[in-house]
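Chain by chain, the residues:
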Amino acid sequence: MTSGRPNLFTTEAVVLRHSDLGEADRLLWLLTPQRGVIRATARGARKPGSKLGGHIDLLCYVKLSIREGRELHGISQADTIDAFRNVRTDLGRLSRGLNIGELAQRISVEDAPAPEVFRLLVNSLGWLATTENADTLVRWFALRLMTITGFKPELGACVDCGNELEPDDHVFSAERGGLLCPSCRSQGSDALHPASLGTIKVLRHLARSDFPAVESLNIGAEERRQIERILRSHTNSVIGRGVLSSAFLDEVRDWPEVGPVPGGIRAD
Amino acid sequence: MNSNSTPSAAPPVARLIEAFSRLPGVGPKSAQRLTYFMIRMPREEAEALAEALISVKDRIVLCSKCLNITEDPVCAVCSNERRDRTRICVVEEPLDVLALERTRAYEGLYHVLHGSISPVNGIGAEQLKIRELLDRLRDETVTELILATNPNLEGEATSMYLQRLISPLGIKVTRLARGLSSGADLEYADEMTLANALEGRAEVAVDKETSTE
């Protein structure tokens, strides 16, 4: 990780958020494997012709040389590893890419190693560039992210009494973090989301499988709606407030592809 | 000394430091420097600055057509009869209009969105001046819409969104060319810029009279 000079380190990173800084600089929120989320400045990055500018756009997977600072780090070199071109040239894929990027950023802690989250995000952005089931990818990503970070919803037993759940319809409580059996669902005043047997089976499959194994999963419309509500309420409960990019995702979800996608496949 | 507090500053000084530190890109140290510069400034210069600030707030409005910042209900570009009314160039910010006007290469009209779609910051299409753009396109005789949003992810998202909304109206939608900047080295170009430059490559015209055999 560290290079010859003591205050300079190199790292891979995904750019998750940025804001303008000063005349022509940018402040970046980067997800890195060794340090989790870090904040770094890129001097002159907003000027045309900047050597950094094109490499550090949102959702770019990059290799960076960074000068360590007390409050903010400074980027001295950047090289693109993958810009996920098919993601950024298709509004549907882009809205989903920003959504999983925001989830990863919001759940990661500053300056705490996050190698699994980092690898999950990079792999998922790669899949997002080619998959025909972008919505399944977003749902799989959310479940896997919660699992890695220790917030996996309880899907096997009743989250209250611990008894194994009968193969039947149940309800999900985001506040309590899992499914509830019929005798526990009446206790408490938290919001409960319906979870049919089909929904529960799909959630369990998503939770234990890698994405290529669930990519072609045919999920019914009602199950999709239930899974969406369950996962959103669970992630919102873990993160503490709503995921901002979800509104945009919902708006463009059913839009047909609009941008040129060289060699790409239409998002669902 | 703690840069976040000014324990010895007199209340009017602290108030000015606080006001400056709200400006974009101005940190606490810069706010202090600006404040102490102002204290040493001649009174008439300070009054001119204060008057300029008040004047901006009192007299500046958004153009009723393009939504650029102007002193009149309709800005100088929109009221100029010689401008090409069949083209509208869509930009994110008023400063982008100034940059394009400096080129003297564009004779059409503008539309200022006042931002770009930024889902991770919770900024959606409804917070931009998109409805006003659609109204203009219905009312006016526009044949080409030029998308001149920034060549970054948010600018691209805004352009794709507008393209999707406007293409069904039968209006030609174009996008500013993206590629290598003048004076830059090819080796430092990122893959997106190079790919865009390759896609947008143009045939080199050969001047028959000056070409050698």
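The rules behind each value
Residues numbered from 1 in each chain as written. Chains lettered and ligands numbered in written order. Predicted model: local features only at pLDDT ≥ 70, side-chain atom pairs only at ≥ 80, totals over all residues. Heavy atoms only, no water. Domains from an automatic or database assignment. Contact = heavy atoms within 4.5 Å. Buried area = accessible area lost by both parts, 1.4 Å probe. Salt bridge = Lys/Arg side-chain N within 4 Å of Asp/Glu carboxyl O. Polar contact = N/O pair within 3.5 Å; in protein donor to acceptor, adjacent residues only side chain to side chain. Axes fitted to C-alpha atoms, helices over the stretch in contact; angles between N-to-C directions. Helix = DSSP H or I, 4+ residues; strand = E, 2+ residues; numbered from the N terminus. Parallel < 35°, antiparallel > 145°, perpendicular 65-115°, else oblique. Nonpolar A, V, L, I, M, F, W, Y, C, P; charged D, E, K, R; others polar. Core = buried A, V, L, I, M, F, W, Y, C linked by side-chain atoms within 4.5 Å. Buried < 20%, exposed > 50% of the residue type's maximum accessible area, 1.4 Å probe, protein only. Patch = residues over 30% accessible without salt bridge, like charges linked within 9 Å, V, L, I, M, F, W, Y side chains within 5 Å. Areas by Shrake-Rupley, 256 points an atom, 1.4 Å probe, with all protein chains shown as cover. Phe/Tyr/Trp six-rings, centres within 6.5 Å; stacked < 30°, edge-to-face > 60°. Lys NZ or Arg CZ within 6 Å of the ring centre and 35° of its normal. Pairing = 2+ DSSP bridges.

Caption draft 1: Representation of the domain arrangement of chain A in the model. Residues and elements named next belong to chain A. Once the domains are mapped, chain A shows domain 1 (8-83) and domain 2 (86-252). Placing a centre on the C-alpha atoms of domain 1 and another on those of domain 2 gives a separation of 29 Å. The interface of domain 1 with domain 2 comprises 21 residues on the first partner and 22 residues on the second. Approximately 1700 Å² of surface area, both sides summed, lies buried where domain 1 meets domain 2, with 63% of it carried by carbon and sulfur atoms. The three residues of domain 1 that bury the most area against domain 2 are L31, V37 and L59, which together make up 34% of that side's buried surface. Between the two partners, domain 1 and domain 2, sit 3 salt bridges. Counting across the interface, domain 1 meets domain 2 through 9 residue pairs in polar contact (both at pLDDT 80 or more).

Caption draft 2: Region of the structure containing the packing of helix α2 (residues 91-107) of chain A against helix α3 (residues 115-128) of chain A. Residue and element names in this part refer to chain A. The contact between α2 and α3 brings their axes to 10 Å, and the two run at 175°. One finds that α2 runs roughly antiparallel with respect to α3. Between α2 and α3, the contacting residues are R93, R96, G97, I100, G101 and A104 on the first element and V117, L121, S124, L125 and L128 on the second. Taken together, the residues that form the contact of α2 with α3 break down as 6 nonpolar, 3 polar and 2 charged.

Caption draft 3: Quick look at the nonpolar core. Membership of the largest hydrophobic core comes to 117 residues, with the highest contact counts inside it found for L30, I56, L64, I75, L121 and F141 of chain A together with L145 of chain B. In terms of residue count, the dominant contributor to this core is helix α4 (residues 134-148) of chain A (9 residues). Each of two domains, domain 1 (8-83) and domain 2 (86-252) of chain A, supplies a minimum of three residues to this core. Setting aside anything within four residues of it in sequence, one finds F141 of chain A in contact with I100, L103, A104, L120, L121 and S124 of chain A. Among the nonpolar cores identified, the runner-up in size contains 8 residues, and V13, I17, V26 and M38 of chain B belong to it.

Caption draft 4: Representation of a nonpolar patch on the surface in the model. Residues and elements named next belong to chain B. Among the surface-exposed residues, V56, I60, L62 and I69 lie close enough to one another that they form a single nonpolar patch of about 310 Å² accessible area. Residue position: V56 is located in helix α3 (residues 43-59). With relative accessibility at 47%, the residue V56 sits in the partly exposed group.

Caption draft 5: Fine view of the packing of aromatic side chains. Considering all chains together, one arrives at 6 aromatic pairs over all chains under this definition. Pairing W127 of chain A with F211 of chain A gives two aromatic rings, centres 5.5 Å apart and planes at 45°, and the pair type is tilted. Here W127 of chain A is found in helix α3, whereas its partner F211 of chain A is found in helix α6 (residues 211-214), with 84 residues between them in sequence. Looking at W127 of chain A, the relative accessible area reads 26%, which means it is partly exposed. The exposure class of F211 of chain A is buried, given its relative accessible area of 0%. Ring geometry for Y106 of chain B versus Y110 of chain B: centroids 5.2 Å apart, planes at 65°, classification edge-to-face. Relative accessible area serves as the criterion here: at 14%, Y106 of chain B is assigned to the buried category. Directly above the aromatic system of W29 of chain A lies the positively charged group of R17 of chain A, at a separation of 4.4 Å from the ring centroid. Between R35 of chain A and the ring centre of F9 of chain A, over which it is positioned, the NZ or CZ distance is 3.8 Å.

Caption draft 6: Broad picture of the sheet that holds strand β6 (residues 172-175) of chain B. Residues and elements named next belong to chain B. Pairing within the open sheet is parallel, and its 4 strands lie in the order β4-β3-β5-β6. Every interior strand has two partners, whereas the edge strands, β4 (108-112) and β6, have only one. Strand-to-strand, the axes of this sheet are offset by a mean angle of 25°, without reference to chain direction. As paired strands, strand β3 (residues 84-91) and β4 are joined by 5 bridges and run parallel to one another. Following the sheet pairing, I88 is matched in β4 by L109. Lying over the sheet, helix α6 (residues 130-139) contacts β3, β4 and β5 (144-147), oriented at roughly 150° with respect to β4. In the packing of helix α7 (residues 153-166) onto the sheet, the strands contacted are β3, β5 and β6, and the crossing angle to β6 comes to about 170°.

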